[in-house]
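Overview (structure and organization)
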Amino acid sequence: MAYALSIVKQLCGHIGRNVTFTIDGEELTVFGASERYRDEGVPLIVIAEMMGFDPEQRKKFYKWSDDMMAGDGHMEPDDPYLIAATEAFMEYVTYCQALIEQRKIDPQEDLISILTGAATDGILAAASDDGQLQDDELLMFLVLLVVAGNETTRNAISGGMLALSEFPEQKA
């Protein structure tokens, strides 16, 4: 647990040094690139960093998250939103599976390494016969993290920023 806490502390400092923005939206700098990441959103970038994603994959990560969310509620098999959501899910899971396998061999200081190590060490137990966390359980957690973590945080920040712009006296 101390290992995970040290990573969170390190990440907090990293994020604090690399993300600045103003409430009125006049300035937005994320990880050294002004405006470039406005469409990707800070929460997704932070989640990607936590998970140990290659920064070059951020555009895909954003698309996967948005496509999976857009498929919600679409039930017809030929619905383009459902098809895009399914494709995004499969691409994301394939990417994560490769990353899990890589982290089993070469752990890094990221969330996937922590969870993979905890599963291997038996710290995280599961309902399987051997009590070990299975890769499919870890993959579904990672799906939940990217979809729910990104979506809720992005909406909370947007809503908070809107509220502060409408009620500037609350900024203090």
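Here, the structure is the one placed above.
Computed from a predicted model, the values in this text were never measured in an experiment. Along each chain, residue indices are assigned from 1 in the same order as the chain's sequence is written. In keeping with the predicted nature of the model, local features appear solely for residues at pLDDT of at least 70, side-chain atom pairs appear and are counted solely at 80 or more, and the whole-chain, interface and lining totals rest on all residues. The basis for the side-chain values is all heavy atoms of the structure; hydrogens and waters are excluded.

This part covers the overall build of the protein chain. Assigned secondary structure in the protein chain consists of 6 helices and 3 strands. Between two residues, a contact is recorded if the distance between any of their heavy atoms is within 4.5 Å. Intrachain contacts of the protein chain at a sequence separation of at least 6 include 50% that bridge at least 24 residues. To be clear on the numbers: accessible area is Shrake-Rupley with a 1.4 Å probe, and residue cover counts the displayed protein chains and nothing else. Only carbon and sulfur atoms are counted for the fraction: they give 60% of the accessible area of the protein chain, which is about 10400 Å². We count a stretch as a helix when DSSP gives it H or I for four or more residues in a row; a strand needs E for two or more, and each element gets its number in order from the N terminus.

Before going further, it helps to spend a moment on the nonpolar core. The definition of a nonpolar core used throughout is a set of buried Ala, Val, Leu, Ile, Met, Phe, Trp, Tyr and Cys residues joined through side-chain atoms within 4.5 Å. Summary of the burial criterion: residues with accessible area below 20% of their type's maximum are buried, those above 50% are exposed, and those between are partly exposed, where the area comes from a 1.4 Å probe applied to protein chains only. By size, the foremost hydrophobic cluster in this structure holds 25 residues, and its most contacted members are Met51, Phe53, Phe61, Trp64, Met68, Tyr92 and Leu142. Those elements that place two or more of their residues in this core are helix H2 (42-51), helix H3 (58-70), helix H4 (80-105), helix H5 (111-120) and helix H6 (135-166). Setting aside its immediate chain neighbours within four residues, Tyr92 contacts Met51, Phe53, Phe61, Trp64, Met68, Leu142, Val143 and Val146.

Here we take up the packing of aromatic side chains. Each Phe, Tyr or Trp ring (for Trp, its six-membered ring) is paired with any other whose centre lies within 6.5 Å, and the angle between the two planes then decides the class: stacked below 30 degrees, edge-to-face above 60, tilted in between. Taken as a whole and judged by the stated rule, the model has 6 aromatic pairs. Between Phe61 and Tyr92, the ring centres sit 6.0 Å apart and the planes meet at 35°, which makes this aromatic pair tilted. On the criterion of sequence distance, the pair formed by Phe61 in helix H3 and Tyr92 in helix H4 is long-range, its members being 31 residues apart. A single burial state applies to Phe61 and to Tyr92, both of which are buried. Their ring planes at 50° and their centres at 5.7 Å tell us that Trp64 and Tyr95 sit as a pair that is tilted. Within this pair, whereas Trp64 is found in helix H3, its partner Tyr95 is found in helix H4, the two being separated by 31 residues in sequence. Each of the two residues, Trp64 as well as Tyr95, counts as buried.

Any carboxyl oxygen of Asp or Glu within 4 Å of a side-chain nitrogen of Lys or Arg constitutes a salt bridge here. Enumeration over the complete set of coordinates arrives at 3 salt bridges. Here Lys63 makes a salt bridge to Asp67, at a shortest N to O gap of 2.5 Å. Within this pair, Lys63 and its partner Asp67 are both found in helix H3, separated by 4 residues, close to a single helical turn. By relative accessible area, which is 17% here, Asp67 ends up buried. In this structure, Asp110 engages Arg103 in a salt bridge whose closest nitrogen and oxygen atoms are separated by 2.7 Å. Like Arg103, Asp110 is buried.

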